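A look at the structure
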Amino acid sequence: MIDSLYRIIVISRNTLTEAVRQRVLNVLLIFGLILVGSSVFASTIITPGLDAAGLFDAQIKFVKDFGCGAMGLIGLVIALLSTAQLIPQELHNRTIYSILAKPVRRAEFLFGKFLGVVLLLALSVALMSLAFAAALWWQESQGISLAKGYHDQQVSTGKYTQEQIQALNAEYNNDVRTIVVQVQDPQLVEAVLLIFAKLVMTSAIALLLSTFATSSIFTIVSTFMVYLIGHMESVARTMWLSHGADTTIWQSGLVGLISMIIPDMNSFTIVDEILADNRIPWLHTFSLLGYAGVYVMVLLALSEVCFRFREI
């Protein structure tokens, strides 16, 4: 057991090292960091003319939405490209024969490769999260600076009484508190965790398809289609079942079967709920993470079965 785990760790480490050395993935990661970091500048273009009265509310929400969206998009591309070429690249380079000729089981090879991709995704999400946090920190400092300038400008006019100045001070403190609360939202941690979970699920789907597919393009396209269906599944299921009596038992069973096979990816995107100031309990987040974990383990088991009977 310990020897098997050691072999999986070694394969995952080599997979991560090879992935980090690939220029395409490095360019994607750098582009993702720039894209997430540029959300601050994009917010000033999308929402011009805001002053302290606006509390930077629209710009802060834009940075949150843009940052999470960029992390999900770049992470998706990295997950697809890195996972789809795991087995085909090993077959093309003929390195898989020398690996499997050693005392390495196919399951160990497959799980090690997948663990390497998960580590790559974790590294990518962590780096983009740092850029996201830096963008939010900059937005917070800009918002506080603008609120202070607006407050000092009002006080310096000398048109206000002592009571009115105290009211302005209280308003300024409330503005600063609001900006800090909006930026330092702990729910963003939940959003990032669910983005990572969704990327790992996508990689598991791509891994399963790559165990019997002969082309990386087929794996990428098929996985992306499943990804899109997963995002539209909840809406389609709601519209379908809303007809009630118009649906037969077979149709309802088909919808249920599709729901079991294809995960509801849309439920892992909670940034819209965060922007709407809806509190997402950690219990809900943990339940989604648990669902993702079970789904990934099932896909890994299916991948191991398919890869075991594949002729190499």
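Here we summarise the structure given alongside this text. Owing to the predicted nature of the structure, the values given are computational and were not obtained by experimental measurement. (Residues numbered from 1 in each chain as written. Predicted model: local features only at pLDDT ≥ 70, side-chain atom pairs only at ≥ 80, totals over all residues. Heavy atoms only, no water.)

Below, the discussion takes up a nonpolar patch on the surface. Together, I217, V221, F224, M225, L228, I229 and M232 make up an exposed nonpolar region whose accessible area comes to about 630 Å². Checked against the element boundaries, I229 lands in helix α10 (residues 216-241). (Patch = residues over 30% accessible without salt bridge, like charges linked within 9 Å, V, L, I, M, F, W, Y side chains within 5 Å. Areas by Shrake-Rupley, 256 points an atom, 1.4 Å probe, with all protein chains shown as cover. Salt bridge = Lys/Arg side-chain N within 4 Å of Asp/Glu carboxyl O. Helix = DSSP H or I, 4+ residues; strand = E, 2+ residues; numbered from the N terminus.)

What follows concerns the side chain of T83. Residue placement: T83 occurs in helix α4 (residues 57-84). By relative accessible area, T83 is classed as buried at 0%. A polar atom in the side chain of T83 sits 2.8 Å from the backbone oxygen of A79. With residues up to four places along the chain from it excluded, the contact list for T83 reads V117, S203, A206, L207 and S210. (Buried < 20%, exposed > 50% of the residue type's maximum accessible area, 1.4 Å probe, protein only. Polar contact = N/O pair within 3.5 Å; in protein donor to acceptor, adjacent residues only side chain to side chain. Contact = heavy atoms within 4.5 Å.)

Attention now goes to the environment of V271. Considering the arrangement of structural elements, one finds V271 in helix α12 (residues 271-275). Classification of V271 as buried rests on a relative accessible area of 8%. When the C-alpha atoms of V271 and K61 are compared, they prove to be 9.6 Å apart, with 210 residues separating the residues in sequence. Excluding anything up to four places from it in sequence, V271 contacts K64, D65 and C68.

On to the pattern of salt bridges, then. One pass over the full model with this rule turns up 6 salt bridges. Here R308 and E304 are joined by a salt bridge, their closest N and O atoms 2.7 Å apart. Taken as a pair, R308 and E304 lie in helix α13 (residues 282-308) at a separation of 4 residues, close to a single helical turn. Residue classification places R308 among the partly exposed residues on the basis of a relative accessible area of 44%. Judged by its relative accessible area of 16%, E304 is buried.

Formed by 65 residues in total, the largest nonpolar core has its most connected members in F114 and F132. For this core, the leading source of residues is helix α9 (residues 187-210), giving 14 residues. If we ignore the near neighbours within four places in the chain, the residues touching F132 are V36, V63, K64, G67, C68, M71 and L188. (Core = buried A, V, L, I, M, F, W, Y, C linked by side-chain atoms within 4.5 Å.)

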